[in-house]
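Residue-level structural notes
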Amino acid sequence: MFNQTAVRVRAGTKVDRGGNNVPDWSPSAVDRLTVTRLNIQPASQSEDVDEQRNAVVTGYRVQSEEGTAPDIKATDRIEWNGEAFEVEGEVASWPGLFTDAVHHIEFMMVRATG
């Protein structure tokens, strides 16, 4: 059940013209981490059609295996199945039963096209 792998992509930072630190998604600036022992399942799909475009949003629920807590944040992107996704919302850390240890994490990832 936890046989899927994805790549967590985390932006570096750069200073913009105003002197502010901003995310840097350029290939040389990002931090990539291969995450194993995941269960990735379809969760949502929507389509919005108008005269100018056909937008499709697809979402997946991601759960890590019991006893794992991969380093994934709400600001990260996920590469999976040849596609790039954004983490939607916060990453939930589920506590272990009767312990302070993390049992597993869960989050949603979405991809919009159009």
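Above this text is the structure in question.
Residues numbered from 1 in each chain as written. Predicted model: local features only at pLDDT ≥ 70, side-chain atom pairs only at ≥ 80, totals over all residues. Heavy atoms only, no water.

1. So, the pattern of salt bridges
Convention followed: Any Lys or Arg side-chain nitrogen found within 4 Å of a carboxyl oxygen on Asp or Glu counts as a salt bridge. Secondary structure elements follow DSSP: runs of H or I no shorter than four residues count as helices, runs of E no shorter than two count as strands, and numbering proceeds from the N terminus. Three exposure classes are used, based on accessible area relative to the maximum for each residue type with a 1.4 Å probe and protein chains only: buried under 20%, partly exposed in between, and exposed over 50%.
In this structure the tally under the stated criterion is nine salt bridges. Arg-10 is paired through a salt bridge with Asp-71; the nearest N and O atoms lie 3.0 Å apart. Of the two residues, Arg-10 is situated in strand E1 (residues 4-10) and Asp-71 in the loop between strand E5 (54-64) and strand E6 (77-80); the sequence distance between them amounts to 61 residues. A relative accessible area of 16% places Arg-10 in the buried class. Counted as one network, the salt bridges with shared partners bring together Arg-8, Arg-10, Asp-31, Asp-71 and Asp-76.

2. A word on unusual backbone geometry
Here Arg-37, not a glycine, exhibits a phi torsion of approximately 60°, which is positive. Of note, Arg-37 is situated in strand E4 (residues 31-49). Relative accessible area serves as the criterion here: at 39%, Arg-37 is assigned to the partly exposed category. A positive phi angle is found at Phe-98, which is not glycine, with a value near 70°. Inspection of the secondary structure assignment puts Phe-98 in the loop between strand E7 (83-95) and strand E8 (102-113).

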